[in-house]
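Fold and contact review
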There are 2 protein chains.
Amino acid sequence: MKRTVDMQSPAMERNQRQAEANRALFHALGVRVFNLISSPGAGKTTLLEATADRLKERLAVIVGDLATARDADRIRRHGCQAVQIETGGGCHLNAEQVAHAFTEIKTEKVKVLIIENVGNLVCPSAYDLGEEMKIGMLSLPEGDDKPGKYPTLFLRTGLVLINKMDLAPVMDYDFDRVYNDCRTLNPGVRFLSLAAKTGLGLDDWNRFLTGEG
Amino acid sequence: MKRTVDMQSPAMERNQRQAEANRALFHALGVRVFNLISSPGAGKTTLLEATADRLKERLAVIVGDLATARDADRIRRHGCQAVQIETGGGCHLNAEQVAHAFTEIKTEKVKVLIIENVGNLVCPSAYDLGEEMKIGMLSLPEGDDKPGKYPTLFLRTGLVLINKMDLAPVMDYDFDRVYNDCRTLNPGVRFLSLAAKTGLGLDDWNRFLTGEG
């Protein structure tokens, strides 16, 4: 398969070097870092609000949007640190933006950092931010055909969240199709079904984040 | 606001020249052309199936995906021509891909061409394909904050579709927030509420496409 971005380009090489530096720093500080990627409106911010309710100051969030600081404001109200990156139209976060945002976080009590990428199933998948793992988030109303249609992301996700399970009664959703398409791209992938709004699956999610699951 | 892409770059200039050539050709042939842009899973393909059911051979569709030809196959079964562009990882369609795909369409009976762009609220907004109008599609489960968060698209959409109205009873969705955010970006924008699955709003949609509404 062709790639969107030439992995040998100077910009990609620079991003990769910065990502490795980020990773070394996160490791030295004992912070687990996850890069959360989904379509717009799959429920990333709602999940992070619920996660902050439980982890409080053990969680920090860096959140990327083209414009507005709404998401960081929303998340901060739930008791964790949150730093907004406004990309000014940019379609993904890069490692340099994350390094810069991370300097604003007081790390003493932080065990888990979640980077909420720009809502986009394509471009964010090509950029390493220094994370331990990319997490892909799907939601029931998007339909069950997304992993096959967006393979550049689902090749690289160690965990796939399936959100908005509260809508399962009014949706046709073929879970086996999703599992099979994801496993074809990445045989070792794990899955968690969630309803961020109602709390379903959040215990498992928190155990995963803190390394107990 | 900064732009993702430098509008003066040679690639963008080349795209713009090809887009103007496409537009001249579409005009000469009397085909109205719309560039349909949404998040993954907002319901573009389902809408196009329902549109093909009504317009039949008066409709043609060009559909872009990173991988798979599923969407063109789905749409074709409903009685219109449909050509798939597989972008091989690319995050948007460009005017050259559209020009090439258009050569595969027999235009005698075609009055309306809808280009279903790659599911992505960011990158497709920067590329003119030669269309008469960009149409942005939202869906209720994505939440009502998307126009403000993805301004590069909603600055440029002449029509905003709000889909999955069948889910309204189980959703909190602030329509006025969507209307206001869209109008702030583009005061002349129009709106249509739809449920592609149930048929709600499809008469208005068909009248819009054929120029009767």
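Structure first, text after, so check above.
The structure displayed is predicted, hence computed values, not measured ones.

1. Side note on the overall build of chain A
The helix and strand tally for chain A stands at eight helices and seven strands. Since a compact globule built from 213 residues should have a radius of gyration of about 17 Å, the 16 Å found for chain A is in line with a globular shape. Expressed along its principal axes, the backbone C-alpha trace of chain A runs to roughly 45 × 40 × 35 Å. Looking at chain A residue by residue over its 213 residues, the buried ones come to 59%. In chain A, of all internal contacts separated by at least 6 residues, the share reaching a separation of at least 24 is 72%. Total accessible area computed for chain A in this model is approximately 8,500 Å², and 49% of it derives from carbon and sulfur atoms. When the 27 positive and 28 negative side-chain charges of chain A are each reduced to one mean point, those points stand 1 Å apart.

2. A closer look at the interface of chain A and chain B
Taken residue by residue, the interface counts 38 residues in chain A and 39 residues in chain B. Carbon and sulfur atoms supply 55% of the area buried between chain A and chain B, which totals about 3,000 Å² over both sides. Looking at the side of chain A facing chain B, the largest losses of area belong to Pro40, Arg70 and Lys149 of chain A, adding up to 20% of the total buried there. One can count six salt bridges joining chain A with chain B. Here lysine 149 of chain B makes a salt bridge to aspartate 71 of chain A, at a shortest N to O gap of 2.7 Å. Linking chain A to chain B there are eight residue pairs in polar contact (both at pLDDT 80 or more). Mapped by element, the contributors of at least two residues to the side of chain A that touches chain B are helix H3 (70-76), helix H5 (146-149), helix H6 (151-154) and helix H7 (175-185) of chain A. Per-class residue counts for the side of chain A that touches chain B are 14 nonpolar, eleven polar and 13 charged.

3. Describing the environment of glycine 30 of chain B
Looking at the element boundaries, glycine 30 of chain B is found in the loop between helix H1 (10-29) and strand S1 (32-38). A sequence separation of 77 residues divides glycine 30 of chain B from threonine 107 of chain B, and the C-alpha atoms of the two residues are 9.5 Å apart.

4. Some details on the pairing of strand S4 (residues 112-116) of chain A
All names here are of chain A. The element S4 is largely enclosed, with a buried count of five among its five residues. In S4, alternate side chains face the same way, and those of Val112, Ile114 and Glu116 on one face and Leu113 and Ile115 on the other are all buried. Examined bridge by bridge, strand S1 (residues 32-38) and S4 share five bridges and lie parallel to one another. Each bridged residue has a counterpart across the sheet, and for arginine 32 the counterpart in S4 is valine 112.

5. Remarks on the sheet that holds strand S2 (residues 59-65) of chain B
Residues and elements named next belong to chain B. The parallel open sheet is built from seven strands, whose spatial order is S3-S2-S4-S1-S5-S6-S7. Looking at the sheet topology across the chains shown, the edges are occupied by strand S3 (81-86) and strand S7 (190-193). Along the sheet, successive strands turn relative to each other by an average axial angle of 20 degrees, direction set aside. Looking at chain direction, strand S6 (residues 157-163) and S7 are connected through four bridges and run parallel.

6. Describing the pattern of salt bridges
Where charged atoms from two side chains of opposite charge come close, those side chains can pair. Here the structure, examined in full by the defined rule, presents 31 salt bridges over all chains. In this structure, the salt-bridge partner of aspartate 144 of chain B is arginine 177 of chain B, at a minimum N-O distance of 2.8 Å. Linking aspartate 144 of chain B in the loop between strand S5 (133-139) and helix H5 (146-149) with arginine 177 of chain B in helix H7 (residues 175-185), this pair joins segments that are 33 residues apart in sequence. Salt bridges here are not isolated pairs; linked through shared partners, they connect Asp65 and Asp71 of chain A together with Asp145, Lys146 and Lys149 of chain B.

7. Describing the sheet that holds strand S5 (residues 133-139) of chain A
All names here are of chain A. Across the sheet, seven strands lie side by side as S3-S2-S4-S1-S5-S6-S7; this open sheet has parallel pairing. At either end of the open sheet lies a strand with only one pairing partner, and these are strand S3 (81-86) and strand S7 (190-193). In this sheet, neighbouring strand axes are inclined to one another by 20 degrees on average, regardless of whether the strands run parallel or antiparallel. Lying on the sheet, helix H2 (residues 44-55) is in contact with S1, strand S2 (59-65), S4, S5 and strand S6 (157-163); it crosses S2 at an angle near 165 degrees.

8. What to know about the environment of leucine 29 of chain B
Residues and elements named next belong to chain B. Checked against the element boundaries, leucine 29 lands in helix H1. On the accessibility criterion, leucine 29 (37% relative accessible area) is partly exposed. Remark: the alpha-carbon pair of leucine 29 and lysine 111, spanning 82 residues in sequence, is separated by 8.7 Å. With residues up to four places along the chain from it excluded, the contact list for leucine 29 reads Phe102 and Thr107.

9. Re the packing of H1 of chain B against helix H4 (residues 95-102) of chain B
Residue and element names in this part refer to chain B. Where H1 meets H4, the closest approach of the two axes is 8 Å, and the angle between their N-to-C directions is 35 degrees. Two packed elements cross with a definite hand, and for H1 against H4 that hand is left-handed. Seen from H1, the contacting residues are Arg14, Asn15, Gln18, Ala19, Asn22, Leu25, Phe26 and Leu29; seen from H4, they are Ala95, Glu96, Val98, Ala99 and Phe102. Across the contact of H1 with H4, the residue classes break down as eight nonpolar, three polar and two charged.

10. Side note on the packing of aromatic side chains
All names here are of chain A. Applying the stated criterion to the full structure yields twelve aromatic pairs over all chains. Between phenylalanine 34 and phenylalanine 208, the aromatic rings sit 5.4 Å apart at their centres with planes inclined by 45 degrees, giving tilted as the arrangement. Pair noted here: phenylalanine 34 is in strand S1 and phenylalanine 208 is in helix H8 (residues 202-210), with a separation of 174 residues, a long-range link. With respect to burial, phenylalanine 34 and phenylalanine 208 carry one shared label: buried. Each residue in the set Tyr173, Phe175, Tyr179 and Phe191 is aromatic and connected to the rest through ring pairs, giving one cluster.

11. A look at the relation of the copies chain A and chain B
Expressed as a screw operation, the relation of chain A to chain B combines 0.0 Å of axial shift with a rotation of 180 degrees, fitting to an RMSD of 0.0 Å. Each copy turns onto its partner about a two-fold axis. When the interface residues of chain A are mapped onto chain B, 100% of them again lie at the interface, so the same face is used by both copies.

Analysis parameters
- Residues numbered from 1 in each chain as written.
- Chains lettered and ligands numbered in written order.
- Predicted model: local features only at pLDDT ≥ 70, side-chain atom pairs only at ≥ 80, totals over all residues.
- Heavy atoms only, no water.
- Helix = DSSP H or I, 4+ residues; strand = E, 2+ residues; numbered from the N terminus.
- Rg over C-alpha atoms; globule rule 2.2 N^0.38 Å.
- Buried < 20%, exposed > 50% of the residue type's maximum accessible area, 1.4 Å probe, protein only.
- Contact = heavy atoms within 4.5 Å.
- Areas by Shrake-Rupley, 256 points an atom, 1.4 Å probe, with all protein chains shown as cover.
- Lys, Arg positive; Asp, Glu negative; His and termini not counted.
- Charge placed at Lys NZ, Arg CZ, Asp CG, Glu CD.
- Buried area = accessible area lost by both parts, 1.4 Å probe.
- Salt bridge = Lys/Arg side-chain N within 4 Å of Asp/Glu carboxyl O.
- Polar contact = N/O pair within 3.5 Å; in protein donor to acceptor, adjacent residues only side chain to side chain.
- Nonpolar A, V, L, I, M, F, W, Y, C, P; charged D, E, K, R; others polar.
- Pairing = 2+ DSSP bridges.
- Axes fitted to C-alpha atoms, helices over the stretch in contact; angles between N-to-C directions.
- Left-handed = near helix turned anticlockwise from the far one by under 90°.
- Phe/Tyr/Trp six-rings, centres within 6.5 Å; stacked < 30°, edge-to-face > 60°.
- Least-squares fit on C-alpha atoms with pLDDT ≥ 70 in both.

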